[in-house]
Amino acid sequence: MNKTLSALATVIIASGSGAHARSGETPVLTILTYDSFVSEWGPGPRVEAAFEEVCGCDLRFRTAGDGAAILGRIRLEGPGSDIDIALGIDTGLTAAAAETGLFAEHGLSPALDVPGGGWSDVLFLPYDYGAFAFVHRKEDFPTPPGDFRELAESDARIVIQDPRSSTPGLGLLLWVKAAHGDEAESIWRDLSDNILTVTKGWSEAYGLFIDGEADMALSYTTSPAYHRIAEGDDGIAAAIFDEGHYLQVEVAGALAGSDTPELARRFLEFMTTDAFQSIIPTTNWMYPAVMPEGGLPEGFVVGDQPTKTLLFPPEEARDVRDMALSEWLTALGG
């Protein structure tokens, strides 16, 4: 989700109320994504300019909060939606998205650099990935917690996101489940005293951390790169956990009901090119799905990094999600 850290000012661009309206003879492509993607500092404005240079079209964004809300909007609008592409769900939700029957096969097979080797999903293509982590100020935690149990035993006040509305929140559920299996509910009970609040989405949670109202926020191992590169602040770090870190692979898919299917396919293909992928590291602050020709910017990867990563296959993520959510709600008294 993403995830552009400077999106905390909540400047949202929500253009395009009529997706398939035409300006003269210019075709319109409408993309539904999360708020921070189209913020002034996010990838959206640069992606829009770059694609419009080559497509002869008018690219418009609509927003639906966080990644889980994107899927909710697609389900609600159904086959009559004027959305052409959904951008911003992840592999924790792709199986559920496929079950809607609302997405079209992309027919593409680009070379990708996402973890796990080859990509076989015929409906969705990845555009970036990252590993979830609890971000903190170095001065507050010279020796940060090294796993979930140490976090629970600490005095850290943490903010997390609701897994019912947020892909990072769902990612945390799957992280705890992947790392601790049947002991997941016990982990959540132990963590319950540390949780300051549960927010609807990533931006709200990270804002509380930035404002000093929380000691840690669920974010990404790449989040400190923003502060280091964009702000010149090397005082924020990600706590590295021995259990490993759960991966988020963010994807986009074209709607089967799109009025401009060839244009939608062109965008998905464009999404894997250097023109798009070179924008991702310093706007969405995630790893690009295809490494740009210039590589990652200097200072993007600094300090300790996860030595182990975790990721449920999409179908397994779908199957364990309800149980993990029930455990979370029970432990937190929801």
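The coordinates are above.
Below: a short report on this structure. (Residues numbered from 1 in each chain as written. Predicted model: local features only at pLDDT ≥ 70, side-chain atom pairs only at ≥ 80, totals over all residues. Heavy atoms only, no water.)

**Focus: the nonpolar core**
Within soluble globular proteins, side chains that are nonpolar generally end up buried alongside one another. Here is the rule: The definition of a nonpolar core used throughout is a set of buried Ala, Val, Leu, Ile, Met, Phe, Trp, Tyr and Cys residues joined through side-chain atoms within 4.5 Å. Residue burial is assigned from relative accessible area. The probe radius is 1.4 Å, only protein chains are included, and a residue is buried under 20% of its type maximum, exposed over 50%, and partly exposed in between. Only heavy atoms matter for contacts: two residues are in contact if any of them lie within 4.5 Å across the pair.
Of all hydrophobic cores here, the largest spans 101 residues; its most connected members are Ile85, Phe134, Trp175, Trp188 and Phe267. The residues touching Phe267, leaving out its near neighbours within four places in the chain, are Leu29, Ile31, Val47, Phe51, Leu59, Ile85, Leu87 and Phe276.

**Side note on the packing of aromatic side chains**
For clarity, the cut-off: In this analysis, rings of Phe, Tyr and Trp, with Trp reduced to its six-membered ring, are considered paired at centre separations within 6.5 Å, and the interplanar angle assigns stacked below 30 degrees, edge-to-face beyond 60, and tilted for intermediate values. What counts as a helix is a DSSP run of H or I of at least four residues, what counts as a strand is a run of E of at least two, and both are numbered from the N terminus.
Using the criterion set out here, one finds 25 aromatic pairs in the structure. Judged by centre distance (5.5 Å) and plane angle (65°), the ring pair of Tyr206 and Phe209 falls under edge-to-face. Here Tyr206 pairs with Phe209, and both are found in helix H7 (residues 202-210), just three residues apart, close to one helical turn. The residues Tyr206 and Phe209 share a single accessibility class, namely buried. Between Tyr246 and Phe312, the ring centres sit 6.2 Å apart and the planes meet at 50°, which makes this aromatic pair tilted.

**A closer look at helix H5 (residues 167-180)**
For clarity, the threshold we go by: Expected helix span is computed as 1.5 Å times (number of residues minus one). Distance and chemistry together define a polar contact, namely a pair of N or O atoms within 3.5 Å, with one atom able to donate a hydrogen and the other to accept it when in protein, and with adjacent residues in sequence counting only for side-chain atoms on both sides.
The terminal C-alpha atoms of H5 lie 20 Å apart, and with 14 residues this matches the ideal 20 Å at 1.5 Å per residue to within 8%. Most of H5 sits inside the fold, with twelve of its 14 residues counted as buried. Between the side-chain oxygen at the start of H5 and the backbone nitrogen of Gly169 there is a gap of 3.2 Å, and the oxygen is on Ser166. Gly181 lies just past H5 and shows a positive phi near 55°.

**Concerning the environment of Leu247**
Checked against the element boundaries, Leu247 lands in strand E9 (residues 245-254). Each C-alpha atom of the pair Leu247 and Ala131 lies 4.4 Å from the other, and the pair is 116 residues apart in sequence. When neighbours within four sequence positions are excluded, Leu247 is seen to be in contact with Pro115, Gly130, Ala131, Phe132, Thr309, Leu310 and Leu311.

**Digging into the state of the cysteines**
What counts is decided by this rule: The term disulfide is used for any two cysteine sulfur atoms that are within 2.5 Å.
Taken as a whole and assessed by the stated rule, the structure comprises one disulfide. The disulfide partner of Cys55 is Cys57, and the gap between their sulfur atoms is 2.0 Å. Since a negative S-S torsion denotes a left-handed disulfide, the Cys55-Cys57 link at about -85° is left-handed. According to the relative accessible area criterion, Cys55 is buried, its value standing at 9%. Its relative accessible area of 7% is what places Cys57 among the buried residues.

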